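Each chain, letter by letter, is given below.
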Amino acid sequence: MGNDYYYECPHPVAIPPAKPFIESIKSGIKETLFPDDPFRQFKNQPASRKFILGLQYFVPVLEWAPRYTFEFFKADLLAGITIASLAVPQGISYASLANLPPIIGLYSSFVPPLVYAMLGSSKDLAVGTVAVASLLISSMLGKEVHPNENPKLYVQLAFTATFFAGVFQAALGFLRLGFIVDFLSQAAIVGFMGGAATVVCLQQLKGILGLVRFTHETDLVSVMRSVFSQAHQWRWESGVLGCCFLFFLILTRYASKRKPGFFWISAMAPLTSVIVGSVLVYLTRAEQNGVQVIGHLKKGLNPPSVSELAFGSPYLMTAIKTGIITGVIVLAEGVAVGRSFAMFKNYHIDGNKEMIAFGMMNIAGSCTSCYLTTGPFSRTAVNFNAGCRTAVSNIVMATAVMITLLFLTPLFHYTPLVVLSSIIISAMLGLIDYEAAISLWKVDKCDFIVCMSAYIGVVFCSVEIGLVIAVAISLLRMLMSVARPRTFLLGNIPNSMIYRSIDQYPIANTVPGVLILQIDAPVYFANANYLRERISRWIYEEEEKLKSTGGSSLQYVILDLSAVGSIDTSGISMLEEVKKNIDRRDLKLVLANPRSEVIKKLEKSKFMESIGQEWIYLTVGEAVAACNLMLHRSKSNNPATDKDELDAHDNV
């Protein structure tokens, strides 16, 4: 099974030197909170240079602005104008979805993009409102305060929720706690976004059918009941107009996907729909025939709203809860979108910087009559395809929105609500990623269950319940992987010294008289009892198997600890109990390849002394070689004990 030199000279397992406790704590904190080592650029720099680097770190515009060129500006100007044509109709549409005045949607595309351009690290992210956050705000705040019965308080709570979302986002960035967002798995996000998009589309049936009253519930049953209970109030004019514009928007989206060079067709389609719809309503006087329009939008830039933040409201806790939940959702979406497009241009964005930028722009937005914003995928894709070079495209977009607010808002008076509903539906269809769900089914059935649970929870219950279900199932799966780690039976690959799982490699052969098990996870209090029972069952099953087949009796149990990165005191107690159980069966416990953290704790706990360092080996191959030597000499009826034989063998 190998050469004699390998058996005669096994490599001893080294015990790493102990680190001072304070140094271990510092190392752990650094690895947890600073995996990218942001302080390395400050090393060996004078104080003045450190100050400049610190400013550039927190205000990235100071780093790239000195290198900005006229060529960059030409590209950013075109991209900014293009996304502005998308931002105006989307801002109005999504504000209506959040049950906020349409003008607040325009305000939200003015101040936040300016703040992000200063603080953001992404060159491609285009800032604006998003449908999912708008729906969450409407759903969560609408349960406490009716937007039509008490519109002023409702708007104040929306601003307050935005403020707390920004505070939470900025705190995550400053404290470098962005890993919290990672608890939203990709499968959960796919299901949640798809479910939210479906709910948003169903909610737009109100505008498509021209209904005046509509349910504020978001579940499928309530929406369908509201639609069909008012069948006698359906407006065919709105239905026809809505279907025509929806067909036009879907057609332009399809054309842009087939021919990426014509991205501007899809980008201009929403604004074109708004213009055409407004002209049709004005010329045909459709407003008088039941087609609902936006109505008056006041001119002017964002009024301050600091005094509108409802810190003393009895609904403050609702606003805080709404802010934290929506803040996490838009943060996950914005960071994911930014990283996705950064990969296309081969540059890196700092997730913690992005969190700070999102937080500061939402804090600033809440004080200037804006509601929650992030980097939506659709707007960012248009910005990317338009050839943006830096965040200046956001400044150009904000300038275009400013001009709209100052001079063009009266032109939106006749914009039909049905056009806004069509714009929202066409945008939401792109969020229902059925291809990703199919891929999840093929790759990982558990992830598919998480995805569909989130989708079903959102569609049939509520957005909040769907989100809770998605997070709960993801956490449950993570806990199950920790509490129930896998253990494998290892065998020898023929003509080698390699030992691998027999399930993965059926050609691997078991070693007579030796049971080789691999533990595939760290050993903690959460899984120690399970592993003790599972190892005992492996031993029992192996002994029963050998009895039934008449094979050699079991003599040694080798635990491969190569995948055990860490162990706690409960895990050490488990190993002690396993050793006692194995000793009662007249077997011998052998350890192979314990990692540095594990071997340090085994040595400090005196377990190494209990098992004997001569029974701890660097590889499974060396452990098997020693066990085979013992078995061979045992068959020769040598009176020496196993320990003496092994010592004599090692001293040859």
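Named according to an unreviewed UniProt entry, the protein is STAS domain-containing protein originating from Populus tomentosa. Turning to the protein, the UniProt record has this under Subcellular location (unreviewed entry): "Membrane". According to UniProt, the comment filed for the protein under the heading Sequence similarities (unreviewed entry) is "Belongs to the SLC26A/SulP transporter (TC 2.A.53) family."

(A) Region of interest: the side chain of threonine 390. If you trace the backbone, threonine 390 turns up in the loop between helix H17 (377–385) and helix H18 (392–408). You can call threonine 390 buried: its relative accessible area is 8%. Within the structure, threonine 390 has its side chain in polar contact with the side chain of aspartate 76 (distance 2.7 Å). Those residues in contact with threonine 390, other than ones at most four positions away along the chain, are Trp64, Tyr68, Phe72, Asp76 and Lys123.

(B) View of the nonpolar core. Within the largest apolar cluster, 92 residues are counted, with the highest numbers of intra-cluster contacts made by Leu100, Ile104, Phe192, Ile329, Tyr371 and Met428. Leaving out residues up to four positions away in the same chain, leucine 100 has contacts with Ala95, Tyr154, Val155, Ala158 and Tyr371. Listed in part, the 53 residues of the second largest apolar core include Phe488, Val564, Ile567 and Met608.

(C) The pairing of strand E5 (residues 588–592), seen in detail. Most of E5 sits out of view: four of its five residues are buried. Once you follow strand E4 (residues 556–560) into helix H24 (residues 569–584) and on to E5, the crossover reads as right-handed. Across two bridges, E5 lies against strand E6 (residues 616–617) in parallel orientation. Across the sheet, the residue bridging to alanine 592 is tyrosine 617, located in E6.

(D) Main features of the packing of aromatic side chains. The full count for this structure, using the stated rule, is 17 aromatic pairs. Consider the rings of tyrosine 282 and tyrosine 414, whose centres lie 5.2 Å apart with planes at 70 degrees: the pair is edge-to-face. Taken together, the positions of tyrosine 282 in helix H14 (residues 263–284) and tyrosine 414 in the loop between H18 and helix H19 (417–429) put the pair 132 residues apart, joining distant regions of the chain. Taken together, a centroid distance of 5.1 Å and an interplanar angle of 70 degrees make the contact between tryptophan 441 and phenylalanine 448 edge-to-face. Here the guanidinium or amino end of lysine 123 rests over the ring plane of tyrosine 347, the centre of that ring lying 4.8 Å away. Over the aromatic face of tyrosine 282 sits the side chain of arginine 285, whose NZ or CZ is 5.1 Å from the ring centroid.

Procedures and definitions
- Residues numbered from 1 in each chain as written.
- Predicted model: local features only at pLDDT ≥ 70, side-chain atom pairs only at ≥ 80, totals over all residues.
- Heavy atoms only, no water.
- UniProt positions renumbered as here; feature names shortened; annotations may be inferred.
- Helix = DSSP H or I, 4+ residues; strand = E, 2+ residues; numbered from the N terminus.
- Buried < 20%, exposed > 50% of the residue type's maximum accessible area, 1.4 Å probe, protein only.
- Polar contact = N/O pair within 3.5 Å; in protein donor to acceptor, adjacent residues only side chain to side chain.
- Contact = heavy atoms within 4.5 Å.
- Core = buried A, V, L, I, M, F, W, Y, C linked by side-chain atoms within 4.5 Å.
- Right-handed = clockwise from strand over helix to strand, strands pointing away.
- Pairing = 2+ DSSP bridges.
- Phe/Tyr/Trp six-rings, centres within 6.5 Å; stacked < 30°, edge-to-face > 60°.
- Lys NZ or Arg CZ within 6 Å of the ring centre and 35° of its normal.

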